[in-house]
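# Architecture and fold: a report
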Amino acid sequence: MITIILGPPGTGKTEKLLSLVEEYLSKKIHPSRIGYFAFTKKAANEALSRAMHKFNLSEDDLPYFRTLHSLAFRRLSINKNQVMKKFHYQDLGKKLGFSVAYASYQDDFGGYFSSDSDYLNLISLARVRGIPVEEQFDLNEHEADIERDKLIIIANELERYKKEIGLIDYTDMILKFTQKDVAPKLDVMFIDEAQDLSLLQWKMVKQMWQKCDQVFVAGDDDQAIFRWAGADVDSFIALEGKTIVLDQSYRVPSGDIHNLSINLANRISNRRDKIWRPKTSEGVLRYHGDIHQVDMSSGEWLVLARTKYLLEDTKDFCEERGWYYNFKNEKSINEDTFKAITDWEHWRKGQELNYDAVKNIYGHMSSKKVNQAHKLGKTLLKDQTYIMEDCMKDYGLNTNDVWYESLDEIDFRTKEYIRAMRRNGELLKQEPRIKLSTIHGMKGGECDNVVLLSDLTENTMRNFEKTPDDENRLFYVGATRTKKQLHIVEPKSFDMSYPL
């Protein structure tokens, strides 16, 4: 029996699934007979951790709480040395005359392949959709300049390369899983974020259903934002079975924000109809002509854009104002630099520092501040600690001034930025309170205050005109990340924007 659980934003889909897991455990079903398969490694690990804590179980008790790729890896008894890695793709690129700087399967995006090679990306997309590369090329969905004949050659050579060396990739794992029919026999299984499964993954889970008594498929087609990577939302929409709609959001505020969210959802032409209620507390929706009009001087903030490069102005704005932020999963100040500053201040107050700390400090000083012979820490002993007076006497240190005078290898702009953040009371030892991200990168996330940039690039504008549902879903996801306030920034050009 198949039960479909539709989980609009913030309606507690994971909590619902875990409550169902608890129900089955209370029926004395052994944990090893329960399967919980999530789209991303992060989601799978979260479900595993919560189940272990809630039900007092070990990881070994729950062997089938994992991603689909991880399940295939385990059931096929594959070892890591058999899996294609970045250097293999680079080796292939050298042999065939095309450049590959990076190539990997993204656990945060359900194991989808990502590379700077448009040829490899298109080949991977064709494979997860189960169609020949020629057919994928003829769909004309790609934006890069790709030669059809070259694409076919690379696709054929990639398969030959893997066969010669005895390697497989993530897509091969799913294919071999279905070909060998190694699905475990389960009493009940849960598929989370099912709207993001590829056609190939749908074949895998449907094969697993044949050996399972009860199946729960959870997701939200309105939040299906990975079609560009091969997600097949149509399979989710067409799925038949008993349907449960989780209709109470514990995240999205009532009033204008909820109304805007529903308006965006109703723009999606191909969807499952569903009605959900917001929180009782009313949120604040504001529009701004420019990012500089948004006051992010306090509180937790999430700034979302369609693509990373559209966040560059916001990054500069945060630095101008002295606000601490995270961009591309990196803090706005280098960890070693911040440690050098804090260690220097402790050092000036008489504390002792170990070898690594002193060496790091020396690395932020010019030869004017520390003698070149001592700069790399080669004269320091690794098993000793040092007070500042010792280093000024015997280890080449020529200054005990404040950090922004002494650590002169830190550039002026960075110094001024750090000093401004300290004046603003930013907590630099903690995670930044402002996060800059693409909408894709924050699916599933939430924040008290969300800023949504409405700009589109040329490529995304073309995609919007060609397949509007993709962008409608994406901005629906963006608008529904907020718990209190939503700030919409008007675009630089209304001809290159999503209408909000």
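Refer to the structure above for everything that follows.
Residues numbered from 1 in each chain as written. Predicted model: local features only at pLDDT ≥ 70, side-chain atom pairs only at ≥ 80, totals over all residues. Heavy atoms only, no water.

## Observations concerning the sheet that holds strand β12 (residues 330-331)
Test applied: By the convention used here, strands pair only if DSSP detects at least 2 bridges between them. A run of DSSP states H or I qualifies as a helix once it reaches four residues; a run of E qualifies as a strand once it reaches two. Both are numbered from the N-terminal end.
Reading across from one edge, β9-β17-β16-β10-β15-β11-β12 is the order of the seven strands in this open sheet, with mixed pairing throughout. Looking at the sheet topology across the chains shown, the edges are occupied by β9 (284-288) and β12. Sheet analysis places strand β16 (residues 447-453) next to strand β17 (residues 482-489), joined by six bridges and oriented parallel. Residue pairing across strands places V451 opposite H487, the latter belonging to β17.

## Some words on the pattern of salt bridges
To keep things clear, this is the line we draw: We define a salt bridge as a side-chain nitrogen of Lys or Arg found within 4 Å of a carboxyl oxygen belonging to Asp or Glu. Burial status follows relative accessibility: with a 1.4 Å probe on protein chains alone, a residue under 20% of its type maximum counts as buried, one over 50% as exposed, and anything between as partly exposed.
Under the counting rule described, the total for this entry stands at 45 salt bridges. We note a salt bridge from K162 to D172, for which the minimum N-O separation is 2.8 Å. In this pair, K162 sits in helix α7 (residues 148-165) while D172 sits in helix α8 (residues 170-180), placing the two residues ten residues apart along the sequence. Judged on exposure class, the residue K162 and its partner D172 are both buried. R227 is the salt-bridge partner of D470, the closest N and O atoms lying 3.0 Å from each other. You can see D470 sitting in helix α20 (residues 468-479) and its partner R227 sitting in the loop between β7 (212-219) and α10 (233-238), a full 243 residues away along the chain. For D470, a relative accessible area of 16% corresponds to the buried category. When salt bridges with common partners are traced through the structure, they connect D220, D221, D222, R271, D273 and K274 into a single cluster.

## Focus on the side chain of S117
For clarity, the cut-off: By the convention used here, residues are in contact when the closest approach between their heavy atoms is within 4.5 Å.
Looking at the secondary structure, you find S117 in the loop between β5 (112-115) and α5 (118-129). Other than its neighbours up to four places away in sequence, S117 contacts F98, S99 and V100.

## Section: the packing of α8 against helix α9 (residues 199-209)
Note the cut-off: Simply put, an axis is a line fit to the C-alpha atoms, just over the touching stretch for a helix, and the angle between two N-to-C directions goes from 0 to 180 degrees. In this scheme, a crossing is called left-handed if the near helix is turned counterclockwise away from the far one by less than a right angle; it is called right-handed if the turn is clockwise. Each residue is assigned to one of three groups, with Ala, Val, Leu, Ile, Met, Phe, Trp, Tyr, Cys and Pro labelled nonpolar, Asp, Glu, Lys and Arg labelled charged, and all others, Gly among them, labelled polar.
Axis separation between α8 and α9 bottoms out at 10 Å; the angle between their running directions is 35 degrees. Here α8 runs over α9; the crossing is left-handed. Contact residues: T171, I174, L175, F177 and T178 in α8; L200, Q201, K203, M204, Q207 and M208 in α9. Classifying every residue of the contact of α8 with α9 gives six nonpolar, four polar and one charged.

## Overview of unusual backbone geometry
A positive phi angle is found at N140, which is not glycine, with a value near 60 degrees. When you line up the elements, N140 lands in the loop between α6 (133-138) and α7. Look at K328: it is not a glycine, yet its phi comes out positive at around 55 degrees. Mapped onto the elements, K328 comes out in the loop between β11 (325-327) and β12. In this structure K328 comes out as partly exposed when scored by relative accessible area, which is 46%.

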